[in-house]
Structures are given as C-alpha cells and as structure tokens.
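Structure at a glance
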Amino acid sequence: MQSLLRTKPESLDDITVQVALVRPGPIQGKAVHPYIDARQRIREDPSYVFPVDHELLREPLRSTFGVVVFQDQVLEVAIALAGFTVGEAEGLRRAMSRKRSYDALEAYRGRFVAGAGVKGVDARRQTAFSTSSSLLGLRLPEGTRCRFRLLAYQSQWLRHYYPRSFSVRS
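In what follows, the accompanying structure is described.

Reading the values: the criteria
- Residues numbered from 1 in each chain as written.
- Predicted model: local features only at pLDDT ≥ 70, side-chain atom pairs only at ≥ 80, totals over all residues.
- Heavy atoms only, no water.
- Helix = DSSP H or I, 4+ residues; strand = E, 2+ residues; numbered from the N terminus.
- Buried < 20%, exposed > 50% of the residue type's maximum accessible area, 1.4 Å probe, protein only.
- Contact = heavy atoms within 4.5 Å.
- Areas by Shrake-Rupley, 256 points an atom, 1.4 Å probe, with all protein chains shown as cover.
- Core = buried A, V, L, I, M, F, W, Y, C linked by side-chain atoms within 4.5 Å.

Regarding the overall build of the protein chain
Scanning the protein chain from N- to C-terminus turns up 10 helices and 0 strands. From first element to last, N terminus to C terminus, the protein chain shows the α and β order α-α-α-α-α-α-α-α-α-α. Across the 170 residues of the protein chain, 41% fall into the buried class. Sequence separation of at least 24 residues holds for 57% of the intrachain contacts in the protein chain that already meet a minimum separation of 6. In the structure as shown, the protein chain presents an accessible area of about 10200 Å², 56% of it carried by carbon and sulfur atoms.

In structure tokens:
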C-alpha cells in the first residue's frame with residue numbers, strides 16, 4: 001500500500017506492476033526500490049532515462065523502467081541479451097518456474113554467457129547477469145498478472161466507492 005502512494009498508478013498496467021512487485025521474485029531480485037525510484041523520477045522529469053545494465057535490455061525492460069519484474073521479461077532479456085531462440089528462452093522460463101531448480105538454471109548459464117559474448121556484452125556483465133537474482137525466483141507469468149491486475153482494480157474500485165464494506169468491525 002505504501003508503494004502505491006509513491007508510484008501513483010495511472011493505468012491497469014501500472015497496477016499490474018504494483019501487484020507483481022510484492023511477489024518473492026521481484027523482492028529477492030531487488031526490483032522494488034529501483035522501480036519505485038525510477039517511476040518517481042519519471043513523474044518529476046519526463047525526460048529522465050532509466051538506467052539499464054546494458055543497452056540491449058532497454059527495450060525488453062521499458063515497461064518496468066529497467067528492472068525485471070515478470071517471467072515474460074526474462075524470456076525477452078534472454079533473447080535480446082544472449083540471442084536465445086524462443087524455444088531456448090521458454091526452456092529457461094520452465095527451469096525458473098521449477099521450485100528451487102538451480103541445476104536446471106545452471107544448464108542455461110553457459111549458453112547465456114556465450115550468447116551474450118557474441119552480442120558484445122562484456123564478460124563482467126555476462127557473469128553478473130547470468131548469476132544474478134534477477135533471473136531467479138518466482139515471477140508472475142503474463143496471464144496471471146492480468147488476472148491479478150483486474151482483481152486489484154476491482155478491489156480498489158469497491159474500496160473507493162463502498163468504503164464501509166472495507167472497514168474493520170469489532
């Protein structure tokens with residue numbers, strides 16, 4: 001609730017990001033504060049350019065101001081940064097969705113590092129990104145985030161127009 005006061009969502013997409021930010025993956029991946037900070041800075045200065053670890057990440061992470069929030073973004077990052085095929089990226093997504101399957105993720109690391117090298121990503125960034133928690137953890141897939149977005153919007157609408165229904169009764 002406090003992050004809503006800081007980000008002031010203006011659309012259903014903004015609400016979707018807010019809902020996703022409270023999931024374990026974005027929290028453990030340290031995506032919450034960078035997103036909130038970037039959102040505030042963009043509101044204050046529309047010409048603000050959010051930081052990214054590499055310019056190849058700017059487009060896949062545009063909607064979340066340079067941080068990985070959704071599973072779908074991991075697919076896009078793997079394709080953009082490491083040249084994964086859609087099938088390889090889907091395999092990475094499946095490996096991520098397995099509970100604590102670090103072995104399955106490790107199988108993709110070599111391919112990720114090699115592909116990032118071909119794209120001109122320096123070795124330090126290849127290793128940092130392939131081992132970072134931004135690729136690990138539980139993130140919402142697109143279908144789930146849309147359902148949560150609708151539920152969050154409907155709940156807030158009801159809370160706004162029928163506040164007595166949401167009051168705590170003793």
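Having seen the model, we can carry on.
Concerning unusual backbone geometry
For lysine 8, which is not a glycine, the phi torsion comes out positive at approximately 50°. Along the chain, the position of lysine 8 falls in the loop between helix 1 (2–7) and helix 2 (12–21). Under the relative-accessibility criterion, lysine 8 is labelled partly exposed at 48%. Its identity is not glycine, yet phenylalanine 65 carries a phi of approximately 55°, on the positive side. By the element assignment, phenylalanine 65 lies in the loop between helix 4 (32–44) and helix 5 (71–82). Exposure remark for phenylalanine 65: the relative accessible area of 14% places this residue in the buried category.

Digging into the nonpolar core
With 34 residues, the main nonpolar core has Tyr35 and Phe84 as its most contacted residues. Secondary structure elements with two or more residues in this core: helix 2, helix 4, helix 5, helix 6 (86–97) and helix 7 (102–118). No other element matches the 6 residues that helix 5 contributes to this core. Excluding residues that lie within four positions of it along the chain, phenylalanine 84 makes contacts with Ala78, Ile79, Ala89, Leu92, Tyr108, Arg111 and Phe112.

Observations concerning the side chain of histidine 54
By secondary structure assignment, the location of histidine 54 is in the loop between helix 4 and helix 5. With relative accessibility at 19%, the residue histidine 54 sits in the buried group.

As for helix 2
The buried fraction of helix 2 amounts to 8 of the 10 residues, a majority that puts the element mostly inside the structure. Along helix 2, the positions that sit buried rather than exposed are Asp14, Ile15, Thr16, Val17, Gln18, Val19, Ala20 and Leu21.

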